[in-house]
Every structure is written in structure tokens, then in C-alpha cells.
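These are the residues of each chain, in order.
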Amino acid sequence: MNTVWLTGAEWLAVLRIGLGLWWLESWRHKDRKGWFERGTGIAWATDVAGKHRWRAVTKGFNAVVAPRPRLMAYTVVYAELALGLGLVLGFLTPVALVGGLLLNLLYLVLMIHDWAEQGQNAMMALISLVALLAMSWQTWSLDSLWGVF
């Protein structure tokens, strides 16, 4: 008799939920007062983008993020919360997976010089891609419960 603890689809749901918990932890440990009132997160990113070896990154950052530091701080912080909740609950999961993949790729490109962050962002991007292509929302999700995707 062959007994399987979890099916492949359930393991993919575990992977998706784990990724969501990772995003929620990223949101939880953020110094929101620093990000929102003192602009610490965007100030740090401005410094990184200003020294970036790829001029397109500096130019893009200066065009999109630098003129809107407060809006961008709220966008980053609450995007991480939305991604975490979406993945843990399995709500609009493909949207959350694509959004997370794009956010991790942006983090990777911005922090190309900071090797300490590369592993985390690379693994989160890889998990997003696998969970997306394997349709991890088919099990243990609001999407499957409601028949959304």
C-alpha cells in the first residue's frame, strides 16, 4: 500500500502559502514609521539607484520613484501586505504571483550590487514562477473555492 502524505497539488499550495508568509514577514518587519514619515526605505533605494552601474535603472528610478517618495513608500509596503494575503488565502492568486515575481525582479535589478539580498529575491521569484506555472491556486485557495480561476 502506497500512502502519500500530501498530493503534488497540495505541496504546491504549501509552497504558495509559504511564499505568502514570506511576503507577510517582509511587511511585518518593515519600520513603517520610518518608511512613511522619514522616508528611510525610499532614501536608501535612491542612494542605491544613484550609484547603479546600469544607467537605465538610475534613469527609470529618477523618473518614476524619486519624484513620488511618499507614494512609492506606501506602494511598496502595502504591495508586500497584499501579496502576502493574496498568496496565503489564495485570493486572485495568479495576479499575486505575477505581482510578486515582478516586485522581486525589480528588487534584484535594483540591488544587483548587494549580494546579501540576491538569494532571497531570487528564490522568491523562482517560487512565484513555479507556483504560477503549476497553477498552485487549484488547492486550498479562495480562488478554487469560488471557481475564479
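Look above for the structure.
Quick notes on the rules
Residues numbered from 1 in each chain as written. Predicted model: local features only at pLDDT ≥ 70, side-chain atom pairs only at ≥ 80, totals over all residues. Heavy atoms only, no water. Helix = DSSP H or I, 4+ residues; strand = E, 2+ residues; numbered from the N terminus. Buried < 20%, exposed > 50% of the residue type's maximum accessible area, 1.4 Å probe, protein only. Contact = heavy atoms within 4.5 Å. Lys, Arg positive; Asp, Glu negative; His and termini not counted. Charge placed at Lys NZ, Arg CZ, Asp CG, Glu CD. Salt bridge = Lys/Arg side-chain N within 4 Å of Asp/Glu carboxyl O. Arc of directions from axis to C-beta. Axes fitted to C-alpha atoms, helices over the stretch in contact; angles between N-to-C directions. Parallel < 35°, antiparallel > 145°, perpendicular 65-115°, else oblique. Left-handed = near helix turned anticlockwise from the far one by under 90°. Nonpolar A, V, L, I, M, F, W, Y, C, P; charged D, E, K, R; others polar. Phe/Tyr/Trp six-rings, centres within 6.5 Å; stacked < 30°, edge-to-face > 60°. Lys NZ or Arg CZ within 6 Å of the ring centre and 35° of its normal. Core = buried A, V, L, I, M, F, W, Y, C linked by side-chain atoms within 4.5 Å.

Some words on the overall build of the protein
And then number 1: When helices and strands are tallied, the protein shows eight helices and zero strands.
And then number 2: If you list the helices and strands of the protein from N to C, you get α-α-α-α-α-α-α-α.
And then number 3: With 149 residues in all, the protein has 38% of them scored as buried.
And then number 4: Of the contacts made within the protein by residues no fewer than 6 positions apart, 73% connect residues no fewer than 24 positions apart.
And then number 5: Distance between charge centroids for the protein: 9 Å, based on 12 positive and 9 negative side chains.

As for the pattern of salt bridges
And then number 1: Scanning the model with the defined rule gives four salt bridges in all.
And then number 2: Note that lysine 30 and glutamate 80 form a salt bridge whose closest N and O atoms lie 3.0 Å from each other. Linking lysine 30 in the loop between helix H1 (8-28) and helix H2 (32-38) with glutamate 80 in helix H5 (residues 69-89), this pair joins segments that are 50 residues apart in sequence. Accessibility assignment for this pair places lysine 30 and glutamate 80 in one class, buried.
And then number 3: Here lysine 51 makes a salt bridge to aspartate 47, at a shortest N to O gap of 3.1 Å.

Considering helix H3 (residues 40-50)
And then number 1: Restricting attention to buried positions, one finds in H3 the residues Gly41, Ile42, Ala45, Val48 and Ala49. Along the axis of H3, the buried positions cluster into a sector of 120°, meaning they face one direction only.
And then number 2: Buried residues along H3 sit in contact with H2, helix H4 (55-64), H5 and helix H6 (93-110).

Regarding the side chain of serine 136
And then number 1: Mapped onto the elements of the fold, serine 136 is located in the loop between helix H7 (115-133) and helix H8 (142-146).
And then number 2: Residue class for serine 136 comes out buried when judged on its relative accessible area of 2%.

Let's talk about the packing of H5 against H6
And then number 1: Running from amino to carboxyl end, H5 crosses H6 at an angle of 140°, the nearest separation of the two axes being 9 Å. In terms of axis orientation, H5 runs oblique to H6. Pair H5 / H6 crosses with left-handed handedness. In this structure, H5 contributes Val76, Glu80, Leu83, Gly86 and Leu87 to the contact, and H6 contributes Thr93, Ala96, Leu97, Gly99, Gly100, Leu103 and Tyr107.
And then number 2: Looking at the contact of H5 with H6 residue by residue, the classes come out as seven nonpolar, four polar and one charged.

A few points about the environment of methionine 135
And then number 1: One can find methionine 135 in the loop between H7 and H8.
And then number 2: Methionine 135 sits in the partly exposed class, given a relative accessible area of 38%.
And then number 3: In this structure the C-alpha to C-alpha distance between methionine 135 and tryptophan 146, which are eleven residues apart in sequence, comes to 15 Å.

A closer look at the packing of aromatic side chains
And then number 1: Summed over all chains, the structure comprises seven aromatic pairs.
And then number 2: A centroid spacing of 6.3 Å and a plane angle of 65° characterise the contact between tryptophan 137 and phenylalanine 149, whose relative ring orientation is edge-to-face. Taken as a pair, tryptophan 137 in the loop between H7 and H8 and phenylalanine 149 in the segment after H8 lie far apart in primary sequence, twelve residues in all.
And then number 3: Following the ring pairs from residue to residue traces out a cluster consisting of Phe36, Tyr74 and Tyr78.
And then number 4: A cation over an aromatic ring shows up here: arginine 32 above the ring of tryptophan 27, its NZ or CZ 4.1 Å from the ring centre.

What to know about the nonpolar core
And then number 1: One finds Leu19, Trp23, Trp35 and Leu110 to be the most contacted residues of the largest nonpolar core, which totals 27 residues.
And then number 2: Broken down by secondary-structure element, the contributors of at least two residues to this core are H1, H2, H3, H4, H5, H6 and H7.
And then number 3: For this core, the element with the highest residue contribution is H5, accounting for six residues.
And then number 4: Not counting residues within four places of it along the chain, the set of residues in contact with tryptophan 35 comprises Lys30, Thr40, Gly41, Ile42, Ala73, Val76 and Val77.

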